[in-house]
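# Observations on the three-dimensional arrangement
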Amino acid sequence: MSRFLNSKYRELEAYTPGEQPTDMKYIKLNTNESPYPPSQRVLDAVNSAEVAKLNLYSDPTCKELKSAVAELFGKRSENIFLSNGSDDILNFSFMAFCEGSKRAVRFPEISYGFYSVYAELHGVDYTAVPLNEDFSINVEDYLTNDATLVIANPNAPTGLCLSLDEVERIVAANPDNLVLIDEAYVDFGGESARDLTDKYDNLLVVSTFSKSRSLAGARLGFAIANEAIISDLEKIKYSTNPYNINRLTLLAGEAAIADNDYYMDNCKEIIRTREYTTEALRSMGFYCTDSKANFIFAKSDEIGGEELYLALKSRGILVRHFTKEKIKDFNRITVGTREQMDALLAATAEILKEKRK
Ligand SMILES: *Cc1c(COP(=O)(O)O)cnc(C)c1O
């Protein structure tokens with residue numbers, strides 16, 4: 001730390017992204033990326049003709065991509081916000097819709113690690129609300145409070161979902177609080193709340209092209225909400241970096257929308273692979289939550305979470321282990337291809353066998 005750092009950031013603990021080690025070639029099951037490449041149309045879109053235009057700024061209004069996203073979801077462009085990954089949208093939302101102790105924020109205690117980082121970054125009072133014993137979210141905890149609410153649905157790293165009715169109950173009970181639903185994983189089995197944005201002006205649904213649309217490296221997130229909420233987000237974007245989606249990503253996003261069926265088919269395959277792997281892990285004695293995301297959250301009584309993580313890593317397989325006390329026995333395993341999961345299962349069986357000796 002230099003002596004020049006603003007005092008309000010001195011204690012800030014930044015988010016820790018999943019590791020990207022380069023000492024060997026790993027089977028990467030630690031950051032919930034898609035194992036499938038972008039579609040051919042995306043590869044063609046990001047072609048040399050567009051690369052040759054990189055001397056020109058991108059369209060800050062994102063007109064074409066906005067209208068493509070709007071059409072896909074049956075909305076109007078005024079209801080769509082686009083940004084450089086959904087992390088960017090979450091950051092803007094904490095800036096826009098939270099304020100010190102005046103407008104505090106509540107989110108589940110076990111959830112996406114970035115929520116508390118953004119709260120700290122922007123000096124927002126926050127409550128990390130404990131989950132039920134089985135890691136489910138208790139809807140009652142979000143009905144009578146005066147705070148902005150942030151809920152990942154499906155939740156991460158548990159993979160558990162609230163039903164659309166439960167989400168609506170929360171939104172309806174909070175007419176004077178903004179409710180942000182983070183749907184990064186919704187395409188793997190959850191129910192989207194996006195159509196509730198037609199009915200409720202306090203709902204902001206945030207999602208991403210990173211997980212189900214194979215564009216994690218392109219950085220593209222989108223949000224759906226009532227026009228007033230979207231214009232607040234635009235105000236923050238135009239006050240920080242109006243060109244925050246680059247030309248290539250804008251075109252890649254449009255092509256990905258045009259190829260929606262390809263991505264939704266990949267999601268179906270990932271769901272099948274998730275069920276296959278979960279069943280295999282359970283038959284090896286693992287406890288797995290009923291995940292509706294592209295990852296499995298698993299623990300075994302025979303081996304500690306960190307021990308399994310390290311043993312898999314030494315065998316060239318990366319999974320995500322969290323040190324938080326309540327989930328330290330678990331690992332979060334991204335669902336890859338069937339072949340990758342067979343390698344994970346074989347390595348896990350081997351590790352357990354050695355342990356039993
Ligand atoms: C991956 C993830 C994001 C961030 O996605 P990007 O669009 O890549 O920034 C947001 N929320 C949750 C819950 C995630 O798991």
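Right, let's walk through the structure included here. Keep in mind that this is a model prediction, so the values were computed, not measured.

## Brief notes about the layout of surface pockets
Empty space within the second largest pocket amounts to approximately 160 Å³. For the second largest pocket, the full set of lining residues is A96, F97, R103, P175, D176, N177, L178, D201, N202, A228, I229 and D232. Of all the elements in the fold, those that place two or more residues in the lining of the second largest pocket are helix 4 (86-97) and helix 7 (227-238). If one sorts the elements of the lining of the second largest pocket by residue count, helix 7 sits on top with 3 residues. In terms of residue class, the lining of the second largest pocket is built from 6 nonpolar, 2 polar and 4 charged.

## Concerning the pattern of salt bridges
One pass over the full model with this rule turns up 26 salt bridges. Note that D187 is salt-bridged to R213, the shortest N-O span being 3.3 Å. In this pair, D187 sits in the loop between strand 6 (179-182) and strand 7 (203-208) while R213 sits in the loop between strand 7 and strand 8 (221-225), placing the two residues 26 residues apart along the sequence. Assessed through its relative accessible area of 3%, R213 is described here as buried. For K268, the salt bridge goes to D265, with nearest N and O atoms at 3.6 Å. A residue pair is termed a helical-turn pair when its members lie 3 or 4 positions apart in one helix, as K268 and D265 do in helix 9 (residues 260-283) at 3 residues.

## Some details on the site of the ligand
Taken together, the neighbourhood of the ligand is formed by G85, S86, D87, Y112, D182, A184, Y185, T208, S210, K211 and R219. In the environment of the ligand, an oxygen atom lies 3.0 Å from a nitrogen or oxygen atom belonging to the backbone of D87. In the model, an oxygen atom of the ligand is placed 2.6 Å from a nitrogen or oxygen of the S210 side chain. Burial of the ligand by the surrounding chains reaches 93%, relative to a free accessible area of 390 Å². A breakdown of the residues in the shell around the ligand according to their chemical character gives 3 nonpolar, 4 polar and 4 charged.

Conventions used here
Residues numbered from 1 in each chain as written. Predicted model: local features only at pLDDT ≥ 70, side-chain atom pairs only at ≥ 80, totals over all residues. Heavy atoms only, no water. 1 Å grid on protein atoms, 1.4 Å probe; cavity = no way out; pocket = protein on both sides within 12 Å on 5 of 7 lines; lining within 4 Å. Points joined across faces, edges and corners; volume = space filled by probe spheres on them. Helix = DSSP H or I, 4+ residues; strand = E, 2+ residues; numbered from the N terminus. Nonpolar A, V, L, I, M, F, W, Y, C, P; charged D, E, K, R; others polar. Salt bridge = Lys/Arg side-chain N within 4 Å of Asp/Glu carboxyl O. Buried < 20%, exposed > 50% of the residue type's maximum accessible area, 1.4 Å probe, protein only. Near = heavy atom within 4 Å. Polar contact = N/O pair within 3.5 Å; in protein donor to acceptor, adjacent residues only side chain to side chain. Areas by Shrake-Rupley, 256 points an atom, 1.4 Å probe, with all protein chains shown as cover.

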